[in-house]
Structure formats: C-alpha cells, structure tokens
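This is what each chain is made of:
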Amino acid sequence: MTLGPATPLAGPAAPPLVPTPEQLAWQEAGFGIFLHFGINTFNGVEWSDGTLDPATFRPARLDARQWVRTAAEAGAQYVVLTAKHHDGFCLWPTETTAYSVASSPWKDGAGDVVAELAEACGEAGLGLGLYLSPWDRNADCYEQPADYDSFYLRQLAELCTRYGPLCELWFDGAGSEGRTYDWDAVMDVIDRHQPDAMVFNMGRPTIRWVGNEEGLAADPCRYVTHSTDISLYDDGRTELDSAAYLPPECDVPIRGDWFWQPGNHDTLKSREELLEIWYSSVGLGAGLLLGVPPDRRGLIDDADRNRLLSFAAELGRRLGDPVSAALTAEGDDLLADFGRPVRVDHVELREDLARGQRVDGHEVWADGRLIASGHTVGVRRVHRVEPLTVRELRIRLTGTGARLASVNAAGPTAGPAAGPAAGPAAGPAAGVS
C-alpha cells in the first residue's frame, strides 16, 4: 500500500528522476562490508608505492568463507573487495602484470583471492563487489594514458568475466585527482559484461560517494544530483552532464585504518559508535559500507568480528521484530494504525520510490504530540523516539506527490531479536510494501 497526499504535479515541471530496478535493489540491500586486503596488509601501510615484494604476501590461513560468514551474520547483504588497490598488486592471477598473487608464495603462486571470495559469496547468497583502483603505482605504463587505459580495461574485463555476477564496481578517485581516464571504454566493458552492477562514483555512476569517510549522511539525503565528490584530497566536484538519480553510499572503517594494522586495536570503534554510524547512514536513507579488513592470517580479526557482531545483535534487538501499520488517508494526514497498542521507541518510514524521491519533509504525531520530524524519508528513515505506547500515528508529508510505502514501529517489548538485515537492506521493515 502506498498512500500520501494526492497532490498533482505542479505546472509543466518534469517528473522526478526514478531509480532503475537495480538501483532500488541496491538501496534496499543497504549494508555491505568493505574488505581491504592486499600486500599492504603484510607491510603495515595504508598506501604503498608499488615496490613492495610480492613475497611478503603470505596469508597462512586465508578463509574467504569466514569473511562472508562474518558479513552474513552481521546482516550485510554484500561485500566489496580491494581486488587492486593503488599499489597495483592484484589479488587475482591477472594476465596484465606479474605484480599479483601469482608471484607470491601463497599457494605456490596458484591462488586466487577473488575466486575464493566469489565462490563463498555464491554459497552464502551475498552480493560480490570489486574495487579496482584507477591509480596504479606499479604499472610502468601509467604515465602513458592511452597505454594505461588499454591495460586497465584488460584488468577490468578479467574481473567482469571470470567471477560471475557482480553487484558493485568501486572506482576510488584517490590519487587520480586531475587525471582523465577513458571512462567511455570502461563503461562499455561494464555494459557488456556486468550491466546490473552498481558503478560507484566515477565513469557513468549509478551510486555516489557521500563525501566523507566517517560513514555519515545528512538530512536531507538527496538521491538526485548534478555532481559528485571524487576524493578526500580534492575539494573539487565532478559535474555531471545532467541531473542523475545517484543514491549515496557511506564508507567508514571499523578501526582507524582501512587495512588491518598491528597494534591499532585501540582505534576499534565501540558498539555505540557503530550504532550511531548506522543511524546516520542507513537510518537516514543512505547505504553503509563498513570496512572490516582481514588480518595477516587471512581471517577477520577476532576483536573486529566480535565488535561487529555485538553491534549487529544490539541493532537486531532494537529493530528486529517490527510491527507494521495499516495506512489510510485522513484529510492531509496519513493514519498509521497498528491494530493494537504497541510499545514504541523506534519508528521507521519507507517512501514509495517507484515514482522518484518526492518527500521533502515529514512529521510524526502521536496523541496530538509531535514525536519526530525531518526532511528525507527515502528508502528508509529510522527515528528514535521517547518510549511510548500507541495504537496509531499520524504522518504529515510535504513534497509534490509524496507517498509512503510503509510505517513500522519497534520497541522494547518486541519479540525475538534478529540481525539488522532480517529482511531487505538491514532495516526492520522486511517484506512490507
């Protein structure tokens, strides 16, 4: 059921841009795990210059199934792996360079991290995304743009054709400030081989970077934009040819670093910090990509895993058994009737996005009292409210053609806890439409 004020489109204005089915599915997925892993892991650095010895890459117990199991238990719907970071070291046996796992002692040079992760994701039903840095500090041809474009396209084609369906291709702008790549050719490869994959932030993007590495969106969280942020190291923005529907993804590491580093356990974010990040990303209608890097064993660090699962369990306790409301229009308001008195300390609203993002503002009223308000609803908006017992809520929307798909409530007397993705997108409104 989708209800809202039946406000006609004003004048001759063009209707809002709408998501593709693939974009909407990605938005519903909501929560992913970012796996930074590579030669940097074994050398105590975040960025390296392409000269580290491949012989230093030697995970003794690499287990991609443990990575995927951890992600799934935390409620993530997909993972993104740094198949090649800025150093140029490739986690698959590419034909383009010797600077890869094929030159390492791991599995006597016969290993393929991307293949092992792809197999694990397929078994678990998680989406697989791959990060392929445009900047390459190892490739001799990098300073010859045409030659490097050809080199890069071959790497991308290998990743797009060897490992099954990809849900996301992640193009990091760091290090590429001022550099122009052949993005038309890049998109031709993606269109041919992975047309359903989300394209992060560069080329012809279908999702965009939120603009910080703290994992924080803002209200309003707009899905339509004319430009994108590219890098933390460049204040400029890339202007798009025209406005595009580009929902944001918020990326943030669980520690102070993206790659696992020895001795930085004191930077591990607390459960409460992770919860606040979730409320400020997924809870504001954005996506969250949380960095949880494998360590030198090739496993998710025990401390990181425990913290991640503690966060997921608490989120599940808070949101895991929602009560869905029946929606009816009453004048300019929506009446959300739960059918019985329910104890509430969280309210989740979901917008009907099939006709584009239209909600500009919203208010939630209980017994004549305003309990929550804001701008964006989007794919989901989660409000924390003072605990109260209600049978119904009144919702007031602003925005031409604004409509909701669902209203859900969760509270301290909810039933058995589930993980934060006990349904689409790590949110509590699984299956409601």
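Residues numbered from 1 in each chain as written. Predicted model: local features only at pLDDT ≥ 70, side-chain atom pairs only at ≥ 80, totals over all residues. Heavy atoms only, no water.

A.B. asks: I'm lost on the pairing of strand β16 (residues 381-398) in this one. Help?
C.D. replies: Successive residues of a regular strand alternate their side chains across the two faces of the sheet. Sheet analysis places strand β13 (residues 333-351) next to β16, joined by twelve bridges and oriented antiparallel. In the strand pairing of β16, E348 is matched with V382. (Pairing = 2+ DSSP bridges. Helix = DSSP H or I, 4+ residues; strand = E, 2+ residues; numbered from the N terminus.)

A.B. asks: Explain the packing of aromatic side chains here, please?
C.D. replies: Aromatic ring pairs: the centre-centre distance and the angle between the two ring planes describe each pair. Tallying each qualifying case throughout the model produces 23 aromatic pairs. Taking the centre distance of 5.5 Å and the plane angle of 70° together, the rings of F34 and W258 count as edge-to-face. Here F34, found in strand β1 (residues 31-35), pairs with W258, found in the loop between β9 (248-253) and α6 (271-279); they are 224 residues apart in sequence, far enough to count as distant. Taking 5.4 Å as the distance between ring centres and 45° as the angle between the ring planes, the aromatic pair formed by F57 and F89 counts as tilted. Taken as a pair, F57 in the loop between β1 and α2 (64-73) and F89 in the loop between β2 (78-84) and α3 (113-124) lie far apart in primary sequence, 32 residues in all. Like F89, F57 is buried. Site record: aromatic cluster; members linked through ring pairs are F37, F42, F57, W67, F89, Y99 and W106. R179 extends its terminal NZ or CZ atom over the ring of Y142, reaching a point 4.1 Å from the ring centre. (Phe/Tyr/Trp six-rings, centres within 6.5 Å; stacked < 30°, edge-to-face > 60°. Buried < 20%, exposed > 50% of the residue type's maximum accessible area, 1.4 Å probe, protein only. Lys NZ or Arg CZ within 6 Å of the ring centre and 35° of its normal.)

A.B. asks: Quick question: what am I supposed to make of the packing of α2 against helix α7 (residues 302-319) here?
C.D. replies: Think of two packed helices as two axes; the pair is described by the angle between the axes and how far apart they sit. Contact geometry of α2 with α7 gives a least axis separation of 9 Å together with a crossing angle of 25°. With respect to α7, the axis of α2 lies roughly parallel. Residues Q66, T70 and E73 of α2 lie in contact with α7, whose contacting residues are R305, L308, L309 and A312. Partitioned by chemical class, the residues of the contact of α2 with α7 number three nonpolar, two polar and two charged. (Axes fitted to C-alpha atoms, helices over the stretch in contact; angles between N-to-C directions. Parallel < 35°, antiparallel > 145°, perpendicular 65-115°, else oblique. Contact = heavy atoms within 4.5 Å. Nonpolar A, V, L, I, M, F, W, Y, C, P; charged D, E, K, R; others polar.)

A.B. asks: Looking at this structure, I do not really get the pairing of β13. What am I missing?
C.D. replies: Taking burial as the measure, the 19 residues of β13 include 14 buried ones, the bulk of the element. With five bridges connecting them, strand β12 (residues 326-330) and β13 associate as antiparallel partners. Paired with E330 across the two strands is D333, which belongs to β13. Note that β13 and strand β17 (residues 404-410) share six bridges and pair antiparallel. Its bridge partner lying in β17, E348 is registered against N408.

A.B. asks: How should I be thinking about α2 in this particular structure?
C.D. replies: In an α-helix, one turn spans 3.6 residues; hence positions three or four apart end up facing the same way. When α2 is considered as a whole, its buried residues turn out to be A64, Q66, W67, V68, T70 and A71. Capping the start of α2, D63 holds a side-chain oxygen 3.0 Å from the backbone nitrogen of R65, two or three residues further along. Positioned one or two residues after α2, G75 has a phi angle of 90°, which is positive. (Polar contact = N/O pair within 3.5 Å; in protein donor to acceptor, adjacent residues only side chain to side chain.)

A.B. asks: Hey, could you run me through the pattern of salt bridges in this one?
C.D. replies: Following the criterion strictly, the structure yields 26 salt bridges and no others. R204 is the partner of D191 in a salt bridge, and the nearest nitrogen-oxygen pair spans 2.7 Å. Residue D191 is located in helix α5 (residues 183-193), and its partner R204 is located in the loop between β5 (198-200) and β6 (208-209); the two are separated by 13 residues in the primary sequence. Among the charged side chains, a salt-bridge network with shared partners connects R271, E272, E314, R317 and R318. (Salt bridge = Lys/Arg side-chain N within 4 Å of Asp/Glu carboxyl O.)

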